[in-house]
Amino acid sequence: MQETIDLIAHRELRNLRRYTRETGQPTTIGQLDLDPMTNVQSIEIDEEHITVQYNKQTKRRYNANEITHKEWVYKYNDDAEFVDAVRRVIELSRKHMYDLPQNLSCPPGCAECCSGYEPFVNRGDVQRIADHLGMTYDEAMAEYVVARESADGFVVGWLRKVDEEGARSEEAEHKCVFLMGSRSGRHYCGIYEARPSDCREFTPVGCEDVDWSLPRHGQYKTGKPFAPKRRRSAKS
Ligand code: SF4
Ligand code: SF4
């Protein structure tokens, strides 16, 4: 078996683009961490050997000639058990590369993390949410944040939870006040553009809460955005 890493990278890039086209979920080339592969040109595995070939671009002059190519080849072949262990590691990393598009983006409609977790918010988050909803900072704090300032004053609290009827809740497993949709696989963030930094930075890579029953194909259409139940006139 022999694969050129460049080919793997191009194939994965095509997979990413197709995934974005089919699901509408954004993916970027930056999400492909190919650094460890940069100098590996090929990995060849047979029953007894694993041969890893590295190429590195160098510019060096030797007499009148410019040498631009340097190559190393490592061959592991003394210990069958070792070869087998390395083969399994390589296959595992290949599998992760094949699965990459799935791991880089959440299946549309999954919102398991919007229940169970409480996103912390800072002043900037609260102000952004307030502006988005046409409210004042104080109104947004009172309506949607459980105020609990961190020791350094940066975090001002976390987003409220509500139960199935929409009543305020302290239960950890209840959902975020801004989570919209009720049927399985039909969830979406009601303030997506204004969501807190905690939610923006949350990564699906390695997420163990993912709802695997959800399809990843097809365009996902969200419903109406979150709208405040009532407006207050108080100013911050
Ligand atoms: S703000 Fe949006 S993304 Fe963040 S937990 Fe709530 S529903 Fe989920
Ligand atoms: S895959 Fe994980 S991070 Fe993404 S929405 Fe589902 S639970 Fe949240």
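Note: the structure precedes this text.
Residues numbered from 1 in each chain as written. Chains lettered and ligands numbered in written order. Predicted model: local features only at pLDDT ≥ 70, side-chain atom pairs only at ≥ 80, totals over all residues. Heavy atoms only, no water.

### Thoughts on the sheet that holds strand S10 (residues 175-176)
As summarised here, the arrangement of the three strands in space is S9-S8-S10, forming an open sheet in which the pairing is antiparallel. The open sheet has two edge strands, strand S9 (168-169) and S10, and neither has a second partner. In this structure, strand S8 (residues 161-162) lies alongside S9, joined through two bridges in antiparallel fashion. Bridge pairing in S9 places lysine 161 opposite serine 169. (Pairing = 2+ DSSP bridges. Helix = DSSP H or I, 4+ residues; strand = E, 2+ residues; numbered from the N terminus.)

### Considerations on helix H4 (residues 137-144)
In an α-helix, one turn spans 3.6 residues, which is why side chains three or four residues apart end up on the same side. Counted residue by residue, H4 has six buried out of eight residues, so it is predominantly covered. Within the span of H4, buried status applies to Tyr137, Glu139, Ala140, Met141, Glu143 and Tyr144. Residues of H4 that are buried make contact with helix H3 (123-133), strand S6 (145-147), strand S7 (155-159) and S9. (Buried < 20%, exposed > 50% of the residue type's maximum accessible area, 1.4 Å probe, protein only. Contact = heavy atoms within 4.5 Å.)

### A few points about the site of ligand 1
Taken together, Cys114, Pro119, Leu159, Cys176, Phe178, Leu179, Cys189, Pro196 and Cys199 make up all the residues around ligand 1. Tallied by class, residues from the shell around ligand 1 come to nine nonpolar, no polar and no charged. (Near = heavy atom within 4 Å. Nonpolar A, V, L, I, M, F, W, Y, C, P; charged D, E, K, R; others polar.)

### Observations regarding the pairing of S7
In terms of residue burial, S7 counts as a mostly covered element, since five of its five residues are buried. The sheet contact formed by strand S5 (residues 120-122) and S7 spans three bridges and is antiparallel. Bridging from a neighbouring strand, valine 121 pairs with glycine 157 of S7. Two strands pair when backbone bridges link them, and S6 and S7 are joined in this way by three bridges, in the antiparallel orientation. Of the residues in S7, the one forming a bridge with valine 145 is leucine 159.

### Description of the packing of aromatic side chains
Summed over all chains, the structure comprises five aromatic pairs. Pairing phenylalanine 120 with tryptophan 158 gives two aromatic rings, centres 6.1 Å apart and planes at 80°, and the pair type is edge-to-face. Of this pair, phenylalanine 120 sits in strand S5 while tryptophan 158 is found in strand S7, placing the two residues 38 residues apart along the sequence. These aromatic residues form a ring-pair network of at least three members: Tyr144, Phe178 and Phe226. Taking NZ or CZ as reference, arginine 195 lies 3.8 Å from the ring centre of tyrosine 192, over its face. (Phe/Tyr/Trp six-rings, centres within 6.5 Å; stacked < 30°, edge-to-face > 60°. Lys NZ or Arg CZ within 6 Å of the ring centre and 35° of its normal.)

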